Amino acid sequence: MTALDDTTRAHGEVRFEQPSPDTLQLSFTGSWRLQDHRPPAAGFEQQLASAPGSRRVTLLSTELGAWDSGLVTYLARVVTLCRERSIEVDASGLPEGARRLLELAFAVPPKKDTGKHGEQPPAVTRIGMTVLDLWRGMPEMIRFIGEATQSLGRFLTGRAQYRLSDLLLVIQDAGPSALPIVSIISFLVGLIVAYMGAVQLAQFGAQIYIADLVAIGMVREMGALMTGIIMAGRTGAAFAAQLGTMQVNEEIDAFKTMGIAPMDFLVLPRMLALILMMPLLTLYSGIVGMLAGLTVAIIVFDIGLFEYYQQTVRALDLRQFAVGVSKGTVYGILIAIAGCLRGMQCGRSAQAVGQATTSAVVTSIVFIVIAASVLTILFQQLGI
Amino acid sequence: MVAAQQDTRPQAHITVRDLTMAYGDFVVMRDLNFDVNRGDVFIIMGGSGCGKSTLLKQMIGLRAPAKGDIAYEGVSFWKSTEEVQNRLKRSFGVTFQQGALWSSLTLAENVMLPLGEYTDLGAAEMRDVASLKLALVGLAGFEEFYPSEISGGMQKRAALARAIALDPDILFFDEPSAGLDPISSRRLDELILELRDSLGATIVVVTHELASIFTIANNSVFLDAETRTMTTTGDPKVLRTESPDPKVRAFLNRGEA
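What this report covers is the structure whose coordinates are included nearby. (Residues numbered from 1 in each chain as written. Chains lettered and ligands numbered in written order. Predicted model: local features only at pLDDT ≥ 70, side-chain atom pairs only at ≥ 80, totals over all residues.)

This part takes up the overall build of chain A. Broken down by element type, chain A carries twelve helices and four strands. Counting all 384 residues of chain A, 36% fall into the buried class. Taking the contacts inside chain A whose residues are at least 6 apart along the sequence as the reference set, 83% of them involve residues at least 24 apart. (Helix = DSSP H or I, 4+ residues; strand = E, 2+ residues; numbered from the N terminus. Buried ≥ 20, exposed ≤ 12 C-beta atoms within 10 Å, placed from the backbone. Contact = placed C-beta atoms within 7 Å.)

All names here are of chain B. The residue K133 is located in helix α4 (residues 123–136) in this model. For the pair K133 and I164, spaced 31 residues apart in the sequence, the C-alpha separation amounts to 7.2 Å. Once you skip the residues sitting within four places of it in the chain, K133 turns out to touch V111, A161, I164 and A165.

The next point concerns the interface of chain B and chain A. Counting residues at the interface gives 28 residues for chain B and 29 residues for chain A. Sorting the residues of the side of chain B that touches chain A by element identifies α4 and α6 (182–199) of chain B as the ones contributing at least two each. At five residues, α4(B) tops the list of elements feeding residues into the side of chain B that touches chain A.

All names here are of chain B. With respect to topology, four strands assemble into an open sheet ordered β2-β1-β4-β5, the strand pairing being antiparallel. Unpaired on one side and paired on the other, β2 (26–36) and β5 (75–76) mark the two borders of the sheet. Where strand β1 (residues 14–23) and strand β4 (residues 67–72) come together, five bridges link them in antiparallel fashion. Within β4, the position partnered with V16 by the bridge is I70. Its contacts with the sheet put helix α1 (residues 52–59) on β1, β2 and β4, and the angle it makes with β1 is roughly 120 degrees. (Pairing = 2+ DSSP bridges. Axes fitted to C-alpha atoms, helices over the stretch in contact; angles between N-to-C directions.)

A separate point is the packing of helix α5 (residues 164–174) of chain A against helix α9 (residues 262–299) of chain A. Residues and elements named next belong to chain A. Here α5 crosses α9 at 45 degrees, and the two axes come no closer than 9 Å. Judged on the interaxial angle alone, α9 and α5 are oblique. In this structure, α5 meets α9 at a crossing whose hand is right-handed. Together, D166, L167, V170, I171 and A174 of α5 and P269, R270, L272, A273, L274, L276 and M277 of α9 make up the contact between the two elements. Here the residues of the contact of α5 with α9 sort into ten nonpolar, no polar and two charged. (Parallel < 35°, antiparallel > 145°, perpendicular 65-115°, else oblique. Left-handed = near helix turned anticlockwise from the far one by under 90°. Nonpolar A, V, L, I, M, F, W, Y, C, P; charged D, E, K, R; others polar.)

Within the span of helix α3 (residues 107–118) of chain B, buried status applies to L107(B), A108(B), N110(B), V111(B), M112(B) and L115(B). Looking at the buried positions of α3(B), the neighbouring elements they touch are α4 and α5 (152–163) of chain B.

Moving on, we get to the pairing of strand β1 (residues 12–20) of chain A. Residues and elements named next belong to chain A. Pairing geometry for β1 and strand β2 (residues 23–32), over seven bridges, is antiparallel. The residue of β2 that forms the bridge with G12 is G30. Between β1 and the antiparallel strand that follows it, β2, lie two residues.

Moving on, we get to the packing of helix α7 (residues 210–248) of chain A against helix α11 (residues 318–344) of chain A. Residue and element names in this part refer to chain A. Two elements in contact, α7 and α11, have axes separated by 8 Å at closest approach and are oriented at 15 degrees. As the angle between them shows, α7 and α11 are arranged roughly parallel. α11 is crossed by α7, and the crossing has right-handed handedness. Of the residues assigned to the contact of α7 with α11, the class counts are 15 nonpolar, 13 polar and three charged.

For the rest of this paragraph, the subject is the nonpolar core. In this structure, L75(A), I44(B), V111(B), L134(B), A161(B), F172(B) and V204(B) are the most contacted members of the largest nonpolar core, which totals 99 residues. Residue contacts for V111(B): discarding those within four places in its chain leaves A130(B), K133(B), L134(B), A161(B), R162(B) and A165(B). Counting 64 residues, the second-largest nonpolar core is a separate cluster that includes A240(A), L243(A), M278(A) and M290(A). (Core = buried A, V, L, I, M, F, W, Y, C linked by C-beta atoms within 7 Å.)

Structural data, given as structure tokens:
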């Protein structure tokens with residue numbers, strides 16, 4: 001058999017003859033490789049239809065040139081069609097290799113009715129099934145949250161099995177390593193808030209209130225929200241991908257059989273890392289945002305450094321920080337839960353890891369936005 | 001030394017000359033010289049970690065050797081341009097240790113992907129070819145299954161179907177029977193032989209399954225982890241009793257030589 005490197009395209013042909021009324025004879029001539037011009041098997045089907053009395057098909061290859069799967073595919077089709085019509089096939093005139101390949105191809109009967117990829121159910125059914133799936137997913141999520149809480153409890157009482165070095169590594173990953181991206185995003189968001197606000201405030205000659213706007217906006221709301229979204233895309237996705245790959249490699253099963261709770265060993269350090277790091281990152285984000293506001297105020301709106309500082313200090317008190325940091329902590333918990341949950345639920349293929357990662361980011365962002373709304377309303381109502 | 005004899009012999013399908021494999025400064029194997037003839041079932045054997053898979057990676061063009069060359073029908077692989085290398089690679093069919101089927105594609109799509117890249121067949125014809133290849137490995141009717149939905153043995157056979165998609169000249173197997181039960185493993189051995197006879201391909205297998213070695217092989221090379229080079233080459237059935245190297249005899253007799 002020749003490799004497909006030949007650029008010359010030859011022609012393969014098949015001649016149909018009827019030596020006797022109930023016999024159809026196929027003579028293959030020329031070159032029958034995949035890259036050659038070959039007649040489609042439909043031609044044979046037509047011949048069969050025009051000679052309905054055929055009880056026997058003879059295959060001859062005396063003038064056959066080079067051949068490969070191109071020929072065998074045609075032959076396989078011929079044999080299938082003949083079997084459907086219970087016509088006898090005489091393959092003794094074929095090259096030995098081709099005959100053996102044909103035998104091999106029909107050695108194992110095809111698996112029928114595999115129940116795969118039949119008709120798509122109607123749209124209403126599909127919507128219903130999706131909703132039911134979501135509904136059935138709820139207990140799993142609740143169980144996961146419950147187990148995670150128990151695991152935290154074990155940690156607090158010092159009975160959790162985990163390795164300190166793992167925890168430190170995750171903390172490094174979820175904290176210091178995230179500083180550059182948090183800095184850039186927070187600075188730019190601070191810049192946008194300051195600039196947008198100042199343009200409006202300038203109409204009343206009240207530019208100095210940029211300081212209030214930026215300080216309260218960044219510390220109370222935007223710092224936590226932006227950090228949350230960054231960490232969802234950065235760390236939540238990483239958690240899901242790590243745990244998902246471990247699921248694929250059966251590493252999580254290995255933990256279970258050794259009596260080590262994956263919840264303690266894998267999920268707990270990740271949750272702790274985010275619970276510890278998110279408040280710090282939120283605080284940091286607020287400060288960077290305020291620096292951006294200051295830059296805009298000084299360069300664009302001619303406000304003095306000291307003036308801006310005074311105004312900022314007047315606007316802020318400990319409550320604003322407390323609100324921002326507590327929001328950040330909540331987002332951190334949500335990101336850790338979404339990332340670890342999707343990772344642990346991951347299927348056992350490369351594609352499933354991709355889905356788990358996507359789903360982790362989407363779930364965290366949805367959770368964060370819902371939590372942000374609820375907390376904002378709650379804090380307003382409580383007057384904090 | 002060995003290179004001097006090279007010209008007197010008829011041209012082999014694969015010739016390995018003065019091959020040294022290394023990871024950085026760490027030399028895995030040095031001075032490998034052997035030939036694989038057309039139609040051989042050639043076994044690369046040796047203890048665990050001696051560099052069998054590394055040798056295979058160099059033969060299929062995944063890792064460049066530190067020194068030396070491999071030639072296919074006299075065409076050097078590692079001294080050739082990328083274009084020639086790609087042409088040579090297209091005449092290889094490889095099945096990896098874990099199957100390495102693309103998990104996001106169905107079995108039929110796995111076989112069709114190389115066909116789509118390297119031939120100008122129409123969609124319907126590609127499907128027919130894919131069905132044929134799957135039928136050849138006993139997986140007719142499994143076209144629409146995803147790799148994760150079939151058993152390990154079936155995955156290995158599906159990987160073989162993908163490897164023979166382009167009617168390769170040389171088929172490489174990395175541990176084909178690892179993780180298979182004796183019966184599946186035997187079926188796979190028979191399939192390898194059957195494909196060799198009907199496709200007329202040369203077969204190179206990395207394995208240390210003795211049962212499989214004696215069933216399918218007619219030529220082999222033994223890599224020795226201690227001396228970091230090859231000791232013998234030849235038919236394992238003969239080497240089993242007649243190899244001058246006690247290590248080879250021990251290996252082929254499960255240490256009971």
